[in-house]
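# Close look at the chain arrangement
Spelled out, the chains give:
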Amino acid sequence: MLVFQYFGYNHHMEYAISAVVTIFFVFLYFALKPKDRESFTKKLNDDAFKEKLEKFASSNKLPKENGKKEYSVKKFVRYIGFAKFVAKRHLDNKHRQTTELKHFVAEIENNTKDLKKLKKLDFSKLGDMPSFENGARIEIVARALLEHNDFLLVEEKIATCFEIFNKVSTLTYTEIDNFSLMIKFLYLEKLYYISKRVVNLVKLDKYALKVARHPKNYEQNKFYNGLKDNNVFLHLTAKHRGEDCTYATIVYFDVLQNLCSLTSKIFDGLKFVDLVGFVKFYSPIEIFENYENFASSPDEVKSAFLTEVSSQSSKLNMDEFAFSYALKKYVDRATNRYTPSFSTNLAGKKVVLSLFKKDMKLLATALSSRYAMITIFGGQNKKIILKKSVFKNTFANYQQQNTIKLGVFVSNGKLSINPLLSRKINEVDVHFTEFGVNHHLKIEKGDCRELYCNGTKYTGIPVIQLKDKPLDIHLKVPPKD
């Protein structure tokens, strides 16, 4: 059986429901006067999403080195646990009405271990990212990506987002490297606000029970008179009285369905975010991937190299793509480069020390020599004893490569696909097995991203669930060189 994480339906109905939910919770927040309030945005279609991002990108000036905002999720995780406790206790009450909250409780309980792991991550380093007055620049990028796409992480929207922001000013490698951490922060923040919704719904249900029992006592009550025409409140009050209020009930279940589905999306997103691989959206990567000594290096070596690129360009106050292009020109000069080294005897062994100055020559040396790349940026491998007293770095030819990156991830019955095909690759066929069931995946070039599964087209689907039925998956993606 084919099951997707989220189900599509009429977009007009989706926006209408979203509007009802937003109006209700905005009213509830003003009525209950919480200390902090959730910001509400609406899902945008592709054209409106692109237009919004372009406006965001063009309106923001160059960021400062770091900002004043502190990033911590401890408060979020504590309140999420509190909301689960409140909802669970309310479900056990004999007057319970919001039984649909059992889905919220189950989601939190099923993901308790993941929440504890997230709580231990170091979110404070987000405060050291290039920032504006209201927070890190990547927070603005990540918010635009999530809040205007109903908190779904969809590959084409991610690519559009980075493409637009990089045109204005290249996002630094440090920002890209920490982008998944920022996404996790915003997901936990949203779950925190959803938890506030849950607690407020429980409060509203208790208040509705009091009103239903003694309606005359509240006729002159200011809070009641502001609330009495609200459909969610009408449903709860009617339910306590044993009455039917059809339209109010429909609105109530729309609100609850939105809350529960959004909770599921967040936990799916938290699992999916680590599979995205945001580094491919770091624009200088397209330059360095064409050097074999970089392309064939382990991920930790690439990361160390790109971190140094980011550091040097920052010191020069230079856009990182412009710096990387200048580095390419420097490397491509057919000249020999030498690294001075000094040798000494230590415990009967000859030890050679090589001195590397942190400048463009260092990066050019690494791109020109596989041995230098691993030695300089290889972490543990930096302890290697060099056998030669001089590195002779020869001309490293820049070769345009026709890269295939399938980006196929299968985990716990969930499939995500984030491929990168060059223009010379027409199609790729993949056969894989999950839970003993064979599946077929075909990836080919297309004008835009399109996903078909067993002949049916789907949109806005970040992951596919794999169950007991073989799937024939067909994905079209625009090429990228």
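First things first, this report covers the structure right here in the doc.

What counts and how
Numbering of residues starts from 1 in every chain and runs along the sequence as written. Restriction of local features to residues with pLDDT of at least 70 applies here, the model being predicted, together with a cutoff of 80 or more for giving and counting side-chain atom pairs; totals for whole chains, interfaces and linings are based on all residues. For the side-chain quantities, the full set of heavy atoms in the structure was used; hydrogens and water were omitted. Runs of E in the DSSP output that reach at least two residues are strands. Runs of H or I that reach at least four are helices, and both are numbered from the N terminus. We call a residue buried when its accessible area falls under 20% of the maximum for its residue type, exposed when it is over 50%, and partly exposed in between, using a 1.4 Å probe and counting protein chains only. Here, residues are in contact when the closest pair of their heavy atoms is within 4.5 Å. Counted as salt bridges are all cases of a side-chain nitrogen of Lys or Arg within 4 Å of a carboxyl oxygen of Asp or Glu. In this analysis, a patch consists of residues with relative accessible area above 30% that form no salt bridge, clustered at 9 Å for like charges and at 5 Å for the nonpolar side chains Val, Leu, Ile, Met, Phe, Trp and Tyr. Shrake-Rupley sampling with a 1.4 Å probe provides the accessible areas, and residues are treated as covered by the protein chains on show and by no other component. In summary, the charge assignment counts Lys and Arg as positive and Asp and Glu as negative, without counting His or the chain termini. Charge placement uses NZ in Lys and CZ in Arg. For Asp and Glu, CG and CD serve respectively. As used here, the term nonpolar core means buried Ala, Val, Leu, Ile, Met, Phe, Trp, Tyr and Cys residues forming a set that is joined through side-chain atoms within 4.5 Å. In protein, a polar contact means a hydrogen-donor-capable atom and an acceptor-capable atom, both N or O and within 3.5 Å, with residues adjacent in sequence counting only if both atoms are side-chain atoms; elsewhere, any N or O pair within 3.5 Å suffices. Helix span, expected: 1.5 Å multiplied by one less than the number of residues in the helix. Two strands are counted as paired when DSSP detects at least two bridges linking them. Under this scheme, a helix contributes an axis fitted over its contacting stretch, all axes are lines through C-alpha atoms, and angles between N-to-C directions fall in the 0 to 180 degree range. By definition in this entry, angles of less than 35 degrees are roughly parallel, angles greater than 145 are roughly antiparallel, angles of 65 to 115 are roughly perpendicular, and the rest are oblique. As a working rule, the residues Ala, Val, Leu, Ile, Met, Phe, Trp, Tyr, Cys and Pro are called nonpolar, Asp, Glu, Lys and Arg charged, and the rest polar, with Gly in that last group. A clockwise turn of the near helix away from the far one marks a right-handed crossing, whereas an anticlockwise turn of less than a right angle marks a left-handed crossing.

## A few points about the overall build of the protein chain
When you go through the protein chain residue by residue, the secondary structure sums to 18 helices and 17 strands. Put simply, the protein chain has 481 residues, and 48% of those count as buried. Partitioning the contacts of the protein chain with sequence separation of at least 6, the portion at a separation of at least 24 is 73%.

## Description of the pattern of salt bridges
Overall, the coordinates contain 17 salt bridges when judged by the stated rule. Ionic pairing is found between R137 and E175, a salt bridge with its closest N-O pair at 2.6 Å. On the criterion of sequence distance, the pair formed by R137 in helix 6 (residues 137–147) and E175 in helix 8 (residues 173–177) is long-range, its members being 38 residues apart. A salt bridge links E139 to R143; its shortest N-O distance comes to 2.9 Å. Pair noted here: E139 and R143 are both in helix 6, with a separation of four residues, about one helical turn. An identical accessibility class is assigned to E139 and R143; each is buried. In this structure, a network of salt bridges that share partners links the residues K69, E139, R143, E147 and E189.

## As for the environment of G277
Along the polypeptide, G277 turns up in the loop between helix 12 (246–276) and helix 13 (285–288). Sequence-wise, G277 and N418 are 141 residues apart; in three dimensions their C-alpha atoms are separated by 8.8 Å.

## Digging into a positive patch on the surface
Taken together, K113, K116, K117 and K120 make up a surface patch of like positive charges. Note on placement: K120 falls in helix 5 (residues 112–120).

## With respect to the nonpolar core
Core analysis: the largest hydrophobic core is formed by 104 residues, its most contacted members being I183, F278 and F305. With 20 residues, the top contributor of residues to this core is helix 9 (residues 179–213). Residues I417, L421, F432 and I473 belong to the second largest nonpolar core, which totals 17 residues.

## Digging into helix 18 (residues 370–377)
A large share of helix 18 lies buried, amounting to six of its eight residues. Looking only at helix 18, the buried set comprises A372, M373, I374, T375, I376 and F377.

## Observations concerning the side chain of E444
Within the fold, E444 resides in strand 13 (residues 437–445). The side chain of E444 is buried and forms no salt bridge, while K476, the nearest opposite charge, is found at 4.3 Å. Of the polar contacts made by the side chain of E444, one reaches the side chain of H474; its length is 2.7 Å. Among all residues touching E444, those that are not within four sequence positions of it are L421, N426, E427, H474, L475, K476 and V477.

## Considerations on helix 9
For helix 9, which comprises 35 residues, the first-to-last C-alpha distance of 51 Å matches the rise-based estimate of 51 Å (1.5 Å per residue) to within 8%. In terms of residue burial, helix 9 counts as a mostly covered element, since 31 of its 35 residues are buried.

## Regarding the sheet that holds strand 14 (residues 450–453)
Taken together, five strands build an open sheet; the order of strands is 12-13-17-14-15 and the sheet is mixed. At either end of the open sheet lies a strand with only one pairing partner, and these are strand 12 (427–434) and strand 15 (456–458). Across the sheet, the mean angle separating the axes of adjacent strands is 20 degrees when strand polarity is ignored. Across four bridges, the pairing between strand 14 and strand 17 (residues 472–477) is antiparallel. Looking at the pairing, L451 lines up with L475 of strand 17.

## Observations regarding the environment of L115
For L115, the location among the structural elements is in helix 5. Relative accessible area serves as the criterion here: at 5%, L115 is assigned to the buried category. For the pair formed by L115 and V77, sequence separation is 38 residues and the distance between their alpha carbons is 6.9 Å. With residues near it in sequence (within four places) discarded, L115 still touches V77, I80, I108, L188, L191 and F267.

## Let's talk about the pairing of strand 14
Direction of pairing for strand 14 relative to strand 15: antiparallel, over a ladder of three bridges. For C453, the partnering residue across the bridge sits in strand 15 and is T456. Here strand 14 folds back onto strand 15, and the loop between the two strands holds two residues, one of which, N454, carries a positive phi near 50 degrees.

## Structural notes on the packing of helix 15 (residues 299–315) against helix 18
Viewed as axis vectors pointing N to C, helix 15 and helix 18 meet at an angle of 80 degrees, and their least axial separation amounts to 9 Å. On the basis of their axis angle, the class for helix 15 and helix 18 is roughly perpendicular. Contact with helix 15, carried on its side by E300, V301, A304, F305 and E308, involves M373, I374 and F377 of helix 18 and no other residues of that element. For the contact of helix 15 with helix 18, the per-class residue count stands at six nonpolar, no polar and two charged.

## A closer look at unusual backbone geometry
A positive phi is found at N317, a non-glycine position, where the angle reads about 55 degrees. By the element assignment, N317 lies in the loop between helix 15 and helix 16 (320–331). A relative accessible area of 72% means that N317 is categorised as exposed. Phi is positive for F435, close to 55 degrees, though the residue is something other than glycine. Its location among the elements puts F435 in the loop between strand 12 and strand 13.

## Remarks on the environment of T365
With respect to the element layout, T365 can be found in helix 17 (residues 360–368). Sequence spacing of T365 and V331 is 34 residues, and the spatial spacing of their C-alpha atoms is 8.0 Å.

## Section: the packing of helix 6 against helix 9
For any two helices packed against each other, the geometry comes down to the angle between their axes and how far apart the axes lie. At a minimum axis distance of 10 Å, the contact between helix 6 and helix 9 shows a crossing angle of 60 degrees. One element, helix 6, and the other, helix 9, form an angle in the oblique class. Considering only the axes of helix 6 and helix 9, their crossing is right-handed. Counted together, I138, E139, V141, A142, R143, L145 and L146 of helix 6 and F179, M182, I183, L186, Y187 and E189 of helix 9 form the full contact between these two elements. Across the contact of helix 6 with helix 9, the residue classes break down as 10 nonpolar, no polar and three charged.

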